[in-house]
Amino acid sequence: MHQSINNLNIIKSQIFEELKKLNNNNSPKIIAVSKTFSMDNIEPLLKHGHIHFGENKVQEAISKWLNI
């Protein structure tokens, strides 16, 4: 499994553990910050089903995401 998927799963697990402690049943959206990362790093997350990503430069977002 790609490291980015492992990292995402760890983060999800930690968030849901904290929510359980608070007796909170919300399901927050996790935004993966994809700025400065190439599509080679992002594609495994897309294939895994993750759809929420953040960029801070419109030009970089256009060059990455327009073709997907």
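Predicted, not measured: the structure shown is a model, and the values here were computed from it.

1. Observations regarding the layout of surface pockets
Move 1: Estimated volume of the largest pocket: approximately 260 Å³.
Move 2: Along its surface, the largest pocket is lined by 15 residues, and Ser4, Ala32, Val33, Phe37 and Leu45 are the ones closest to its centre.
Move 3: With four residues, helix H1 (residues 3-21) is the single largest residue contributor to the lining of the largest pocket.

2. Here's the deal with the packing of aromatic side chains
Move 1: Summed over the entire model, instances satisfying the criterion amount to one aromatic pair.
Move 2: On the basis of an interplanar angle of 40° and a centroid distance of 5.0 Å, the ring pair of Phe53 and Trp65 is categorised as tilted. Note that Phe53 is positioned in strand E2 (residues 53-54) and Trp65 in helix H3 (residues 58-65), a separation of 12 residues in sequence.

3. A few points about the pattern of salt bridges
Move 1: According to the stated counting rule, one finds three salt bridges in the structure shown.
Move 2: With a shortest N-O distance of 3.1 Å, Lys64 and Glu55 are connected by a salt bridge.
Move 3: A salt bridge links Lys64 to Glu60; its shortest N-O distance comes to 3.1 Å. In this pair, Lys64 and Glu60 are both assigned in helix H3, four residues apart and thus about one turn of the helix distant.
Move 4: It is possible to trace a salt-bridge network through shared partners that takes in Glu55, Glu60 and Lys64.

4. Digging into a nonpolar patch on the surface
Move 1: Together, Val58, Ile62 and Leu66 make up a nonpolar patch on the protein surface, roughly 320 Å² of accessible area in all.
Move 2: Among the secondary structure elements, Val58 is positioned in helix H3.

About the cut-offs
- Residues numbered from 1 in each chain as written.
- Predicted model: local features only at pLDDT ≥ 70, side-chain atom pairs only at ≥ 80, totals over all residues.
- Heavy atoms only, no water.
- 1 Å grid on protein atoms, 1.4 Å probe; cavity = no way out; pocket = protein on both sides within 12 Å on 5 of 7 lines; lining within 4 Å.
- Points joined across faces, edges and corners; volume = space filled by probe spheres on them.
- Helix = DSSP H or I, 4+ residues; strand = E, 2+ residues; numbered from the N terminus.
- Phe/Tyr/Trp six-rings, centres within 6.5 Å; stacked < 30°, edge-to-face > 60°.
- Salt bridge = Lys/Arg side-chain N within 4 Å of Asp/Glu carboxyl O.
- Patch = residues over 30% accessible without salt bridge, like charges linked within 9 Å, V, L, I, M, F, W, Y side chains within 5 Å.
- Areas by Shrake-Rupley, 256 points an atom, 1.4 Å probe, with all protein chains shown as cover.

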